[in-house]
Every structure is written in structure tokens, then in C-alpha cells.
Amino acid sequence: MGKYFGTDGVRGVANVELDAMLAFKIGAAAAYILTQERGPGGKAKLLIGKDTRISSDMLESALMAGICSVGADVEALGIIPTPAIAYLTIKHKADAGIVISASHNSYEYNGIKIFAGSGYKLSDELENRIEALIDDFDQVPKASHAALGRVLKSAIDPVVEYTDHLAETIDGDLSGLRVAVDCANGASSSTIIRLMRLMECKADFRFYEPDGININDGCGSTHLENLQERMRSGNFDLGVAFDGDADRCLIVDETGEVLDGDRIMAVCAARMKEQGKLRGNTFVATVLSNMGLHAYARKKGMHVECANVGDRYVLEMMLQKGYVLGGEQSGHVIFLEYASTGDGQLTAVQFMSILKRSGKKCSEIAAEVVPWPQVMRNVKVPNSEKKTIAERPEVASAIHEAEQDLGEGRILVRASGTEALVRVMVEGLDAQKVASAAKKVEQAIQSIL
């Protein structure tokens with residue numbers, strides 16, 4: 001991670017850590033470097049999309065001003081999911097796509113992430129060059145006169161183009177399925193209703209009326225209680241929940257049980273293997289993925305490779321080794337045949353297609369994927385200390401003792417890439433021992449802060 005760019009772009013409290021001036025500089029620096037990449041006489045064009053946060057308009061205006069100030073052009077596509085920007089950047093041959101979003105975080109946060117023309121997130125090398133120019137901003141040449149950039153009138157209908165693309169990723173429709181949908185008052189509010197109509201689903205939508213401050217507020221993939229209650233009513237075959245920018249999806253079965261990204265991916269991987277589409281009979285998960293996922297994969301003749309936590313690291317391993325499916329427990333799932341990044345609505349469509357074809361209940365098709373008991377605790381730790389906290393003698397000793405008590409299982413302590421947190425993950429066959437080990441490590445961390 002760099003000074004500004006974390007594992008998922010630049011993120012912070014809007015107008016405090018991420019203000020309009022920083023957004024202006026990011027827009028200018030990125031556009032200048034992309035113009036340089038085009039070569040002499042080139043003029044970069046960037047697309048911008050945003051989620052529903054109150055601060056997104058402010059940051060959008062600042063980014064566009066920065067882009068135009070160095071002579072590049074920009075098209076603003078409005079409120080649209082993150083993966084839609086990645087898709088449209090490729091389709092319309094833009095030099096980059098910028099998304100203004102803080103994903104699953106609450107409304108006061110916002111972020112800026114940039115996709116290259118390939119639809120993949122910017123390389124570390126390009127991010128480092130942008131950071132260097134932000135810190136030495138006088139080195140960024142300013143355009144003037146006729147060389148100034150323009151905010152172009154867009155000919156793109158992002159909602160239609162993106163939802164048409166998603167609908168084309170499956171054969172047939174999803175008629176007959178009854179779906180409860182939680183839009184998190186986020187970006188999926190702009191696309192999911194049309195998508196479900198294209199799929200001919202019977203869908204009931206909640207949390208699709210954003211007001212700038214209600215994004216992820218007691219709803220979405222990080223707050224599933226409401227969706228679980230709706231599922232227990234018996235009126236739906238499954239429930240789907242997105243996060244604020246709709247790059248992740250979690251599913252709730254008809255009994256109210258949550259299917260996390262591991263279980264969703266396992267079901268999709270098994271189906272792709274049957275179709276001969278799972279390259280190398282392998283998919284990519286992360287070091288946090290449940291050991292139950294590995295057991296299921298072995299049973300089905302599949303292999304799981306584990307990347308570091310973060311969808312960019314999952315994608316890097318997929319591209320490096322030629323795999324076509326990967327994802328995280330959080331619901332980021334990458335179907336490389338159709339998308340260059342995690343896509344919540346694509347994940348929902350793929351899973352729902354499998355469900356319809358199976359003729360089974362949602363709980364039945366995921367029943368074979370039996371998760372080991374797992375506890376995840378988030379411990380607040382200052383950003384300056386979070387990367388080294390596990391190496392402190394008190395914490396290292398507590399981890400060692402907890403591992404001895406745990407028996408078969410594992411303990412993983414890692415710094416969050418986007419928040420001032422350390423995440424403590426404990427997994428094992430004995431739920432009581434798992435909970436005890438997690439508490440012991442959490443208390444050790446808190447005792448030295």
C-alpha cells in the first residue's frame with residue numbers, strides 16, 4: 001500500500017481525510033500520466049461513476065476539474081455500480097474509469113478507485129507515479145486555451161448497457177424465482193430493478209431509496225438481519241444483498257441462513273467444473289477462506305489456491321495462473337469470463353441461474369459446503385500500529401497459547417487494508433474452543449493499546 005492508495009484505492013472520511021483538493025490532485029495526476037501513456041499528441045478520456053453518498057457529488061466535481069485542468073476529457077455516468085464502470089471502460093475504450101465510493105463503509109467515508117483501460121485496477125507502479133505527482137503537484141503541467149479538457153456529453157446509457165450485459169451471461173431467464181433484494185441504499189438501486197425485469201424474476205426490493213446518508217445504514221451485505229427476517233416469511237426462494245457500490249453480494253437461503261462468498265463460490269465452481277469451464281479445475285480464494293471450502297473442493301475434485309486478502313490480490317493470482325473464478329468470503333466474486341472485477345449483480349445472476357436449473361431449494365444446493373466454526377473479531381488499532389501488532393511479544397505469546405488450546409484449526413491476525421482495524425480470525429472444529437481463542441487474542445491486543 002502507498003501513502004494514499006490502499007488495497008482498494010484512496011479512502012477516508014469525506015472532506016476530512018479525502019477532501020476536494022486531494023480529489024482534484026488525484027484527477028489531474030492520473031489524467032496527466034494516462035495522457036503520457038498515450039504518447040505525443042494523445043488526449044486521455046476518462047469515465048467517472050459514483051455511489052449514493054452525499055459527498056460523491058463534491059468529489060466528482062473536483063475530479064472532473066482536475067482531469068480537465070491537464071487537458072484530458074471526462075464523461076460522468078452518474079450513480080452506477082463499480083463493476084459497471086470497469087465494464088464500460090473496456091467497452092468504450094476509455095483510458096481509465098474512476099469510481100467514487102467507499103464500498104461497504106458508512107456514509108461519512110468515501111473513496112476513489114481507478115480502473116485502467118483494461119478494466120483492471122491500476123498497477124502499483126502507476127499508483128506510485130500518481131502519488132509522487134500529488135506530493136509534488138507543481139510538476140503537473142496545466143493546460144490552457146484550447147488545450148483544456150472538456151466534460152463530454154455522454155452517449156453512453158450505463159444502466160441499459162450494463163444490465164443488458166449481465167442478462168447475456170446466462171442462457172434463458174430466471175422466471176419463476178421469487179427473490180428478496182436488499183440494495184443497501186447504494187449504487188445497485190440504479191440498476192437492479194431493470195436487471196430483475198430482464199431476468200423475469202418476481203423480485204421484492206428494499207433499501208433502494210438513497211438519500212445521501214442512508215447507504216449501508218442497517219442494510220446491505222454487512223447488515224443482513226432484515227433480509228434474513230424476510231426470508232423466514234416463506235415468500236421467497238432466496239435473498240440477495242449488495243454493498244454500497246454493488247461489487248459484492250451475499251445470499252440468504254429460504255431458511256434465513258447466510259451463504260457467504262466461500263459457499264457462493266463453491267456452488268458456482270462445481271457448476272463450472274460440470275460444464276468444463278473451470279480452468280485447471282481450480283479457483284482462487286484467500287487465506288481467510290473457511291477450511292470447509294477446501295474440504296468441499298477436494299470432495300468435488302477441485303483445487304483451491306489462496307491469495308492474500310483483497311480482491312486485487314485474488315485477481316492477480318487468477319491472471320498470473322490462468323484461472324477464471326476467484327473471490328472472498330465478503331462476497332467479492334470474480335467471473336473472469338464476463339468481468340474484470342468483483343461484481344455483486346453478476347454473482348447473483350450466476351447463482352440464481354444454477355438454483356433455477358437445479359430444481360432444488362437454495363438451502364439444498366449449498367448444503368454440501370459445511371463451514372468449520374469460525375470467529376472474526378475486528379479490533380480497533382491505530383493505523384500506525386496495525387501492521388506490526390501481531391509481532392508484539394504480548395500478542396505473539398497469546399496467539400501461541402491460543403493455538404495450543406485450539407487443537408486442529410488456525411489463527412490469523414492481519415491488518416485491515418482500508419480501516420484502522422486488526423482482524424482476528426480463528427477457525428477450528430470445536431466452536432467453543434474457537435470462541436475462546438478469539439477472545440484471548442483480542443484481549444491481548446487491547447491490553448497493549
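Located above this text is the structure these notes cover.
Here's what I pulled together on the structure shown here. The residue count restarts for each chain, going from 1 along the sequence in the order it is written. With the structure being a predicted model, the display of local features is reserved for residues of pLDDT at least 70 and the display and counting of side-chain atom pairs for 80 or more, all residues being used for whole-chain, interface and lining totals. Side-chain metrics in this entry use all non-hydrogen atoms of the structure; hydrogen atoms and water are not considered.

### Side note on the overall build of the protein
So, step 1. The helix and strand labels rest on DSSP assignments: H or I over at least four residues marks a helix, E over at least two residues marks a strand, and numbering proceeds from the N terminus. Looking only at helices and strands, the protein has 15 helices and 18 strands in total.
So, step 2. Taken over the C-alpha atoms alone, the protein extends approximately 70 × 60 × 40 Å along its principal axes.
So, step 3. Taken across its 449 residues, the protein has 56% of its residues classed as buried.
So, step 4. Within the protein, residue pairs in contact and separated by at least 24 positions form 70% of the contacts whose partners lie at least 6 positions apart.
So, step 5. Separation of charge centres in the protein, based on 49 positive and 61 negative side chains, amounts to 3 Å. The cut-offs for exposure are 20% and 50% of the maximum accessible area for each residue type, with area from a 1.4 Å probe on protein chains only; residues under the lower value are buried, those over the upper are exposed, and the others partly exposed. A contact between two residues is defined here by any heavy atoms of the two lying within 4.5 Å. Asp and Glu are treated as the negative residues and Lys and Arg as the positive ones, with His and the ends of the chain left uncounted. Charge positions come from single atoms, namely NZ of Lys, CZ of Arg, CG of Asp or CD of Glu.

### Observations regarding the packing of aromatic side chains
So, step 1. What counts as a ring pair is set by centres within 6.5 Å for rings of Phe, Tyr and Trp (its six-membered ring), and what kind of pair is set by the plane angle: stacked under 30 degrees, edge-to-face over 60, tilted for all other angles. Counted according to the given criterion, the structure contains 2 aromatic pairs.
So, step 2. Aromatic pair Phe 24 and Phe 137: ring centres 6.1 Å apart, planes at 65°, arrangement edge-to-face. Of this pair, Phe 24 sits in helix H1 (residues 20–38) while Phe 137 sits in the loop between helix H4 (124–135) and helix H5 (158–167), and the two are 113 residues apart along the sequence.
So, step 3. Judged by relative accessible area, which is 22%, Phe 24 ranks as partly exposed.
So, step 4. Note on Phe 137: relative accessible area 13%, which makes it buried.
So, step 5. Centroid distance Phe 205 to Tyr 208: 6.3 Å. Interplanar angle 65°. Geometry classified as edge-to-face.

### A look at the sheet that holds strand E9 (residues 238–242)
So, step 1. A pair of strands counts as paired when DSSP detects no fewer than two bridges linking them. If you trace the 5 strands from one edge of the open sheet to the other, you get E8-E7-E9-E10-E11, paired in mixed fashion. Each of the sheet's edge strands pairs with one partner strand only, and the pair in question is strand E8 (202–206) and strand E11 (258–259).
So, step 2. When strand E10 (residues 249–252) meets E11, the two strands line up antiparallel, connected through 2 bridges. Directly across from Val 252, in E11, lies its bridge partner Val 258.
So, step 3. To define axes, lines are fitted to C-alpha atoms, for helices over the stretch in contact only, and angles between the resulting N-to-C directions are given on a 0 to 180 degree scale. Taken strand by strand, helix H11 (residues 344–358) contacts strand E7 (178–182), E9, E10 and E11, and its axis lies near 165° from that of E9.

### A word on the environment of Ser 221
So, step 1. Relative to the helices and strands, Ser 221 resides in the loop between E8 and helix H7 (225–231).
So, step 2. Residue classification places Ser 221 among the buried positions, given a relative accessible area of 7%.
So, step 3. Excluding its chain neighbours within four sequence positions, the residues that come into contact with Ser 221 are Ala 241, Phe 242, Asp 243, Arg 248 and Leu 250.

### Here's the deal with the pattern of salt bridges
So, step 1. The salt bridge definition used is simple: a Lys or Arg side-chain nitrogen within 4 Å of an Asp or Glu carboxyl oxygen. Counted by the stated rule, this structure contains 35 salt bridges.
So, step 2. Two residues, Glu 37 and Arg 129, come together in a salt bridge whose shortest N-O distance is 2.9 Å. Of this pair, Glu 37 sits in helix H1 while Arg 129 sits in helix H4; the two residues are 92 residues apart in sequence, bridging distant segments of the chain.
So, step 3. For Arg 129, a relative accessible area of 27% gives the class partly exposed.
So, step 4. A salt bridge links Glu 75 to Lys 45; the shortest N-O distance between them is 3.2 Å. You can see Glu 75 sitting in strand E4 (residues 73–79) and its partner Lys 45 sitting in strand E3 (residues 45–50), a full 30 residues away along the chain.
So, step 5. When its relative accessible area of 22% is taken as the criterion, Lys 45 is described as partly exposed.
So, step 6. If you follow the salt bridges from partner to partner, you end up with Asp 8, Arg 11, Lys 113, Lys 121, Asp 245, Asp 247 and Asp 311 in one network.

### Side note on a nonpolar patch on the surface
So, step 1. Among the surface-exposed residues, Ile 54, Tyr 107 and Ile 213 lie close enough to one another that they form a single nonpolar patch of about 280 Å² accessible area.
So, step 2. Mapped onto the secondary structure, Tyr 107 falls in the loop between strand E5 (96–100) and strand E6 (109–116).
So, step 3. Relative accessible area serves as the criterion here: at 34%, Tyr 107 is assigned to the partly exposed category. Any residue with relative accessible area above 30% and no salt bridge may belong to a patch, with like charges joined within 9 Å and the nonpolar Val, Leu, Ile, Met, Phe, Trp and Tyr side chains within 5 Å. Computed with the Shrake-Rupley method and a 1.4 Å probe, the accessible areas treat only the protein chains shown as cover for residues.

### Regarding the environment of Val 426
So, step 1. Mapped onto the elements of the fold, Val 426 is located in strand E18 (residues 421–428).
So, step 2. With 174 residues separating them along the chain, Val 426 and Val 252 place their C-alpha atoms 23 Å apart.

### Some words on the packing of H1 against H4
When two helices pack together, their arrangement is captured by the angle between the axes and the distance separating the axes.
So, step 1. Remark: H1 packs on H4, axes separated minimally by 9 Å, with the N-to-C direction vectors making an angle of 125°. Overall, the two elements H1 and H4 adopt an arrangement that is oblique. Like other packed secondary-structure pairs, H1 and H4 cross with a definite hand, here right-handed. From H1, Leu 22, Lys 25, Ile 26, Ala 29, Ala 30, Tyr 32, Ile 33, Gln 36 and Glu 37 reach across to H4, where they touch Leu 126, Arg 129, Ile 130, Leu 133 and Ile 134.
So, step 2. Following the grouping adopted for this structure description, the nonpolar residues are Ala, Val, Leu, Ile, Met, Phe, Trp, Tyr, Cys and Pro, the charged ones are Asp, Glu, Lys and Arg, and the polar ones are all others, Gly among them. Split into classes, the residues belonging to the contact of H1 with H4 amount to 10 nonpolar, 1 polar and 3 charged. The scheme is simple: roughly parallel for angles under 35 degrees, roughly antiparallel for over 145, roughly perpendicular for 65 to 115, oblique for anything else. Crossings are assigned a handedness: left-handed for a near helix turned anticlockwise from the far helix by less than a right angle, right-handed for a clockwise turn.

### Some thoughts on unusual backbone geometry
So, step 1. For Glu 200, which is not a glycine, the phi torsion comes out positive at approximately 60°.
So, step 2. By the secondary structure assignment, Glu 200 is in the loop between helix H6 (192–198) and E8.
So, step 3. Accessibility expressed as a relative area gives 46% for Glu 200, which makes it partly exposed.

### A word on the sheet that holds strand E17 (residues 409–415)
So, step 1. Ordered in space as E16-E18-E17, the 3 strands form an open sheet in which the pairing is antiparallel. The open sheet has two edge strands with one neighbour each: strand E16 (374–380) and E17. This sheet shows a mean twist of 15° between the axes of neighbouring strands, independent of strand direction.
So, step 2. Examined bridge by bridge, E16 and E18 share 7 bridges and lie antiparallel to one another. By the bridge assignment for E18, Met 376 is matched with Met 425.
So, step 3. Its contacts with the sheet put helix H14 (residues 393–406) on E17 and E18, and the angle it makes with E17 is roughly 155°.

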